[in-house]
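# Understanding the architecture of this molecule
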Amino acid sequence: MTAPQTMDRAGIAGRIPHSGSMCLLERLESWDANRIHCTTTTHTRADNPLRTASGLLSPNLVEYAAQAMALHGGLLAPEDSEPSAGFLASARGVRLAVERIDDVAGALHVHAERISGDATQILYEFAVKDGQGRALAEGRAVVVLNTPLAN
C-alpha cells in the first residue's frame, strides 16, 4: 500500500468520482485492505447538496457510506489510475437510529468493511456513528463496478 494512511478532503475528492459539495467526506482517518474509517462534518452545512426543506434525513447516511466504499476502492487501485466508476446496486439490512442527521453534533464517523468481492462486485458492511460511538446507521451494500455490458 503506497497510498497515504490519512488524507484531507482534497485528496479524497481526487480518488472518488464525487466532486464539489457532493464530496461529503472530509478526512480519511485510517484504512487497510479490508476496512476504511472516514470522518466529516458536512452533515451540519446549510449547503449540503442532500439537504431538503425537511433537513438532512438519515437515509442519506447510505451515501456517506457509499463514498467511503468508493474511496476504499480508490485506495486499493493501482497508483496513478483513474477512479473506477461503479454504482450502489443494493443496500440491505439498513437500520437507522435517527430521523435526521443535520442536528447531530460533531463529526460523523463513517466505517466500511469489505466482506467479499471480485473484479465486478463487492459486498461491504457499513456503520455511521456519532462522536460518542452511537450507531446512526448500519447495513450492508453491494457495489457493482463499471463493467461493459455483454453483447
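Here the residue numbering is sequential within each chain, running from 1 through the sequence in written order. In keeping with the model being predicted, local features are shown solely for residues with a pLDDT of at least 70 and side-chain atom pairs are shown and tallied solely at 80 or more, while totals for entire chains, interfaces and linings include all residues. In computing side-chain values, all of the structure's heavy atoms are included and hydrogens and water are not.

## Comments concerning the environment of Leu50
Threshold: Counting from the N terminus, the helices are the DSSP runs of H or I reaching at least four residues and the strands are the DSSP runs of E reaching at least two. Contacts between residues were defined by any pair of non-hydrogen atoms, one from each residue, lying within 4.5 Å.
Tracing the sequence through the fold places Leu50 in the loop between strand 3 (35-40) and helix 2 (61-76). Counting along the chain gives 13 residues from Leu50 to Glu63, while the straight-line C-alpha distance between them is 9.3 Å. The contacts of Leu50, once residues within four sequence positions are left out, are Met22, Leu24, Leu56, Asn60 and Glu63.

## Re the confidence of the model for the chain
A low pLDDT score tells you not to read the predicted coordinates there in detail. Put simply, the rule is: How sure the predictor is of each residue is captured by pLDDT, a score from 0 to 100.
With 93% of its residues at a pLDDT of at least 70, the chain reaches an overall mean of 91. Between the elements of the chain, mean pLDDT differs from a low of 92, seen in helix 1 (residues 9-13), to a high of 98, seen in strand 3.

## Quick look at the sheet that holds strand 1 (residues 7-8)
Worth spelling out the cut-off: Between any two strands, at least two bridges found by DSSP are needed for them to pair.
In spatial order, the strands read 1-2-3-5-6-7-4; together these seven strands make up an open sheet with antiparallel pairing. Edge positions in the sheet fall to strand 1 and strand 4 (86-96), since each of these pairs with one other strand and no more. Inspection of the sheet shows strand 5 (residues 108-117) paired to strand 6 (residues 121-129) by eight bridges, in the antiparallel sense. By the bridge assignment, His111 is partnered in strand 6 with Ala127.

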